[in-house]
Amino acid sequence: MYNEYKKARDLAWKTLIDCGINVLPVNLTQIADHYNIILIPYSQSTVAQKLDLKQDGFTLKRNGKYIVYYKDSYNQRARFTIAHELGHILLGHINNPDSVNEYAANIFARDLLMPAIVLKKINVISAYEISQLCDVSKAAAEIRLERLQKLSKRNKFFTSFLEIKVYKNFKNYIKQMRWNICQLIKMKKEVLIMQSLGT
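Fair warning: this is a prediction, and the values are worked out from it, not measured in the lab. (Residues numbered from 1 in each chain as written. Predicted model: local features only at pLDDT ≥ 70, side-chain atom pairs only at ≥ 80, totals over all residues. Heavy atoms only, no water.)

**Section: the pairing of strand S3 (residues 65-70)**
Phase 1: Relative to S3, strand S1 (residues 38-41) is paired through 4 bridges, and the arrangement is parallel. Each residue of the ladder has a partner; that of isoleucine 40, found in S3, is tyrosine 69.
Phase 2: Direction of pairing for strand S2 (residues 57-62) relative to S3: antiparallel, over a ladder of 6 bridges. Across the sheet, glycine 57 pairs through a bridge with tyrosine 70, a residue of S3.
Phase 3: The antiparallel hairpin formed by S2 and S3 contains 2 residues in its connecting segment, where asparagine 63 sits at a positive phi of about 50°. (Pairing = 2+ DSSP bridges. Helix = DSSP H or I, 4+ residues; strand = E, 2+ residues; numbered from the N terminus.)

Pasting the structure below:
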């Protein structure tokens, strides 16, 4: 199972690098365009409407192109669904659904939407922050936070040249976000001082 995990994680990093992604939230349309993949929400799809689907998304191949259909009623959940389906396509899982492939597609989606090294360097400490920064559901953010805490505890960062490249791509964004956080802290301190002085 670790091989599938590593393959999905590394492919997520490679995708971020190849597509020039350097800010959060990750632009999934940019990634789909890079790989010539079409994204269609259920609300705009006669195919999906005819099928009356219960699942959050699926992929078909038509005329040599992959098309990801997704339930668009909840934006944050839809983002994870799209990333998951992109994972299936890029990992070569289409028409081969099994629990191992589902696991790998989930790892790909998690690491694509919420790159651990970026969150670590921004000093993210809560699922709420992850949800807001990455535009993902609270549930997805909680899973990412749990894994981020394990990685931090084991100091498992900068262990791959791909992860180092992701960090370099996001370096300006990280710097800007840390500056923004410093400014917020400074403003909070000023407000507290003013409140304590009664002004």
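**Brief notes about the pattern of salt bridges**
Phase 1: Applying the stated rule across the entire model yields 10 salt bridges.
Phase 2: Taking the shortest distance from any N to any O, the salt bridge between aspartate 56 and arginine 77 comes out at 2.6 Å. Taken together, the positions of aspartate 56 in the loop between helix H3 (46-51) and S2 and arginine 77 in helix H4 (residues 75-91) put the pair 21 residues apart, joining distant regions of the chain.
Phase 3: Look at arginine 77 and you get partly exposed, because its relative accessible area is 48%.
Phase 4: Arginine 79 is the partner of aspartate 135 in a salt bridge, and the nearest nitrogen-oxygen pair spans 3.7 Å. Here aspartate 135 is found in the loop between helix H7 (127-134) and helix H8 (138-153), whereas its partner arginine 79 is found in helix H4, with 56 residues between them in sequence.
Phase 5: Note on arginine 79: relative accessible area 10%, which makes it buried. (Salt bridge = Lys/Arg side-chain N within 4 Å of Asp/Glu carboxyl O. Buried < 20%, exposed > 50% of the residue type's maximum accessible area, 1.4 Å probe, protein only.)

**Re the sheet that holds S1**
Phase 1: Spatially, 3 strands are ordered S1-S3-S2 in an open sheet, and the strand pairing comes out mixed. Only two strands of the sheet have a single partner each, and these edge strands are S1 and S2. In this sheet, adjacent strand axes meet at a mean angle of 25° when their direction is disregarded.
Phase 2: Across the sheet, H4 lies against S1, S2 and S3, angled at about 155° from S3, the strand it touches most. (Axes fitted to C-alpha atoms, helices over the stretch in contact; angles between N-to-C directions. Contact = heavy atoms within 4.5 Å.)

**Remarks on the packing of aromatic side chains**
Phase 1: Taken as a whole and assessed by the stated rule, the structure comprises 5 aromatic pairs.
Phase 2: Here the aromatic rings of phenylalanine 158 and tyrosine 167 are separated by 5.2 Å at their centres, their planes lie at 90°, and the arrangement is edge-to-face.
Phase 3: Exposure remark for tyrosine 167: the relative accessible area of 18% places this residue in the buried category.
Phase 4: Residues phenylalanine 170 and tyrosine 173 carry aromatic rings whose centres are separated by 6.2 Å and whose planes lie at 75° to one another, so their mutual orientation is edge-to-face. Of this pair, phenylalanine 170 and tyrosine 173 are both found in helix H9 (residues 161-197), 3 residues apart, which corresponds to roughly one turn of the helix. Neither phenylalanine 170 nor tyrosine 173 differs from the other in exposure class; each is buried.
Phase 5: Linked through ring pairs, Tyr42, Phe58 and Tyr69 together constitute an aromatic cluster. (Phe/Tyr/Trp six-rings, centres within 6.5 Å; stacked < 30°, edge-to-face > 60°.)

**Concerning H8**
Phase 1: Here H8 is 16 residues long and its end C-alpha atoms lie 22 Å apart, about the 22 Å a rise of 1.5 Å per residue gives.
Phase 2: Trailing H8 by a residue or two, asparagine 155 shows a phi angle of about 50°, which is positive. (Expected span 1.5 Å × (residues − 1).)

**A few points about the packing of helix H1 (residues 2-18) against helix H5 (residues 99-113)**
Phase 1: Look at H1 against H5: their axes get within 8 Å of each other, and the N-to-C directions meet at 35°. Here the hand of the crossing between H1 and H5 comes out right-handed. Contact with H1, carried on its side by Glu4, Tyr5, Ala8, Arg9, Leu11, Ala12, Thr15 and Leu16, involves Val100, Tyr103, Ala104, Ile107, Phe108, Arg110, Asp111 and Leu112 of H5 and no other residues of that element.
Phase 2: Tallied by class, residues from the contact of H1 with H5 come to 11 nonpolar, 1 polar and 4 charged. (Left-handed = near helix turned anticlockwise from the far one by under 90°. Nonpolar A, V, L, I, M, F, W, Y, C, P; charged D, E, K, R; others polar.)

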